[in-house]
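Coordinate inspection notes
Here's the letter readout for the chains.
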Amino acid sequence: MSGPNSEYDPVQVTPLEAVEVDRMRDDALAAIDAAADLAALKQVRQAHAGDRSPLALANREIGALPPAARKEAGLRVGQARGAVGQALAARQEVLEAAAEEQMLVEETVDVTLPWDRQARGARHPITTFSERIADVFVAMGWEVAEGPLIEAEWLNFDALNLGPDHPARTMQDTFWTEPAEDHVVLRTHTSPVQARTMLTRTPPIYVVCPGRVFRTDEYDATHSPVFHQVEGLVIDEGITMAHLRGSLDHMLQALFGPGITTRFRPSYFPFTEPSAEMDMVCFVCRGAAPAVDSCRTCRGEGWIELGGCGVVNPRVLTACGVDAERYTGFAFGFGIDRMLMFRHGIEDLRDLFEGDVRFTTAFGQEI
Ligand code: DAH
């Protein structure tokens, strides 16, 4: 750096000549243009606009010029520095925008990607629905009873007053185990749990028994060789059909909502006398379907069949060691799969048994 001088020194003036200042400016503008990113631009700024840049040094030389030359040189250097400053600012803006653009591309989050590759399963709706049904009765003080899936023929049939000639015993309905002399079957209904309960407990008896049963049915949209029933049995003094009706009405209102009404149709089961089929009013159309002829749930019937029930036949009480003079009782047996199907609009029974986890998870995590 030179100190103030009063004499005209051509050497010192050289960096302030128009051509020199233009060159410094052009060098700077070219470097700015060439800066490919913000880091490069930072260096360019240092080199061409920093304290030790040619233009800054030239600026300092102005003071050393003879007064006559200062104004022009000052103007020239000032304009050059201004141009460089503007170019720097403009380039800075461009590169910042580019950097942000790049960041958005590189750090893009694809929100459609699966966020949890560990697929979560769910309990099977038959399990949760069976528990829900049982809970309704447990809340009334009943107990849950269980029995084996592989059952003695006597408990599955004889104890329940299904005589040796009963058609249900034939090869078309029952899975028999071998050897046949053992008289062992896959239980065809949950009713043998009634017999087991009466044989092992003393009245009063209030039990509910959800479980799996087997029949030699075809496997199609409405049949399966494996399905589920829920059995109920009450044995106490003074039990009548009215208690049966009240208990089942309560269950249905708990499962399908308030205001559900029921009806009995006369029927026959060897283990109950009198026997009935129980229907509930369709919980979707509330019985309006026959008038408007359009309800998918009850198929235009207005009523939905639930299953059989009745007053326990005294012959069954006696066969199972219960004093039929003192006690009376009621029983019922409903299909769980069927109830689940119309409750949730499931069209094909096989969906319940094929094990597709997407079906199960659609029911959510019911505990
Ligand atoms: N066990 C019968 C069946 O599988 C259903 C049934 C009807 C059960 C009447 C009962 C009852 O307890 O009382 O078809």
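On a predicted model such as this, the values are computed, not experimentally measured, just so you know.

So, about the domain arrangement of the chain. When the domains of the chain are assigned, the result is domain 1 (14-107) and domain 2 (125-361). A separation of 92 Å is found between the C-alpha centroids of domain 1 and domain 2.

Here His189 lies in the loop between β3 (184-186) and α8 (192-200). Polar side-chain contacts of His189 include one of 2.9 Å to the backbone oxygen of Asn156. Discounting residues that sit within four places of it in the chain, His189 has contacts with Asn156, Leu160, Leu162, Val213, Arg215, Gln229 and Phe271.

Its location among the elements puts Phe359 in helix α13 (residues 357-361). Taking relative accessible area as the criterion, Phe359 reaches 18% and is therefore assigned buried. Phe359 sits 237 residues away from Ala122 along the chain, and the two C-alpha atoms are 9.5 Å apart.

For the rest of this paragraph, the subject is the sheet that holds strand β1 (residues 143-144). Here 7 strands make up an open sheet; going across it, the order is β1-β4-β5-β9-β8-β7-β6 and the pairing mixed. With one partner strand each, in any of the chains shown, β1 and β6 (262-269) form the two edges of the open sheet. The pairing of strand β7 (residues 272-281) with strand β8 (residues 303-312) spans 8 bridges and is classified as antiparallel. Note that in β8 the partner of Thr272 across the bridge is Val312. Across the sheet, helix α6 (residues 125-138) lies against β1, β4 (205-214), β5 (226-236) and β9 (328-335), angled at about 165° from β4, the strand it touches most. Contacting β4, β5 and β9, α8 runs over the sheet at an angle of about 35° to β5.

So, on to the pairing of β6. Sheet analysis places β6 next to β7, joined by 7 bridges and oriented antiparallel. Its bridge partner being in β7, Phe269 is matched across the sheet by Thr272. Hairpin connection, β6 to β7: the antiparallel pair is bridged by 2 residues.

On to helix α3 (residues 38-49), then. Along α3, the positions that sit buried rather than exposed are Leu41, Val44 and His48. In an axial view of α3, the angular spread of the buried residues amounts to 60°, which keeps them on one side of the axis. Residues of α3 that are exposed and point more than 90 degrees away from the buried face comprise Ala39, Lys42, Gln43 and Gln46. Packed against the buried residues of α3 are α2 (18-34), α4 (54-61) and α5 (67-106). The opening residue of α3 is Asp37, an N-cap whose side-chain oxygen sits 3.3 Å from the backbone nitrogen of Ala39.

Moving on to the site of the ligand. Inspection of the region around the ligand gives 15 residues, with His189, Gln194, Arg215, Gln229 and Glu231 positioned closest. One of the side-chain nitrogen or oxygen atoms of Arg215 is found 2.8 Å away from an oxygen atom of the ligand. Within the contact set of the ligand, an oxygen atom lies 3.3 Å away from a backbone nitrogen or oxygen of Phe332. Here the ligand has 350 Å² of accessible area as a free molecule, and 90% of this is covered by the chains. Elements that contribute at least two residues to the shell around the ligand include exactly β5, β8 and β9. The residue makeup of the shell around the ligand, split by class, is 5 nonpolar, 8 polar and 2 charged.

Let's shift gears to the packing of aromatic side chains. Across all of its chains, the model carries 11 aromatic pairs by this definition. Aromatic pair Phe256 and Phe283: ring centres 4.9 Å apart, planes at 45°, arrangement tilted. Of this pair, Phe256 sits in helix α9 (residues 241-256) while Phe283 sits in the loop between β7 and α10 (289-292), and the two are 27 residues apart along the sequence. One exposure class covers both Phe256 and Phe283, and it is buried. Three or more aromatic residues joined by ring pairs make a cluster, and in this case those are Phe137, Trp142, Tyr206, Phe330, Phe332 and Phe334. Directly above the ring of Phe264 sits Arg245, whose terminal nitrogen or CZ lies 5.0 Å from the centroid.

This part is about the nonpolar core. Membership of the largest hydrophobic core comes to 43 residues, with the highest contact counts inside it found for Ile133, Met251, Phe256, Met280, Phe332, Phe334 and Met339. Looking at this core, the elements that each hand over two or more residues are α6, β5, α9, β7, β8, β9 and α12 (336-344). If we ignore the near neighbours within four places in the chain, the residues touching Phe256 are Met280, Phe283, Arg286, Met339, Phe342 and Arg343. By size, the runner-up hydrophobic cluster in this structure holds 24 residues, among which are Ala145, Met198, Val316 and Val322.

Rules used throughout
- Residues numbered from 1 in each chain as written.
- Predicted model: local features only at pLDDT ≥ 70, side-chain atom pairs only at ≥ 80, totals over all residues.
- Heavy atoms only, no water.
- Domains from an automatic or database assignment.
- Helix = DSSP H or I, 4+ residues; strand = E, 2+ residues; numbered from the N terminus.
- Polar contact = N/O pair within 3.5 Å; in protein donor to acceptor, adjacent residues only side chain to side chain.
- Contact = heavy atoms within 4.5 Å.
- Buried < 20%, exposed > 50% of the residue type's maximum accessible area, 1.4 Å probe, protein only.
- Pairing = 2+ DSSP bridges.
- Axes fitted to C-alpha atoms, helices over the stretch in contact; angles between N-to-C directions.
- Arc of directions from axis to C-beta.
- Near = heavy atom within 4 Å.
- Areas by Shrake-Rupley, 256 points an atom, 1.4 Å probe, with all protein chains shown as cover.
- Nonpolar A, V, L, I, M, F, W, Y, C, P; charged D, E, K, R; others polar.
- Phe/Tyr/Trp six-rings, centres within 6.5 Å; stacked < 30°, edge-to-face > 60°.
- Lys NZ or Arg CZ within 6 Å of the ring centre and 35° of its normal.
- Core = buried A, V, L, I, M, F, W, Y, C linked by side-chain atoms within 4.5 Å.

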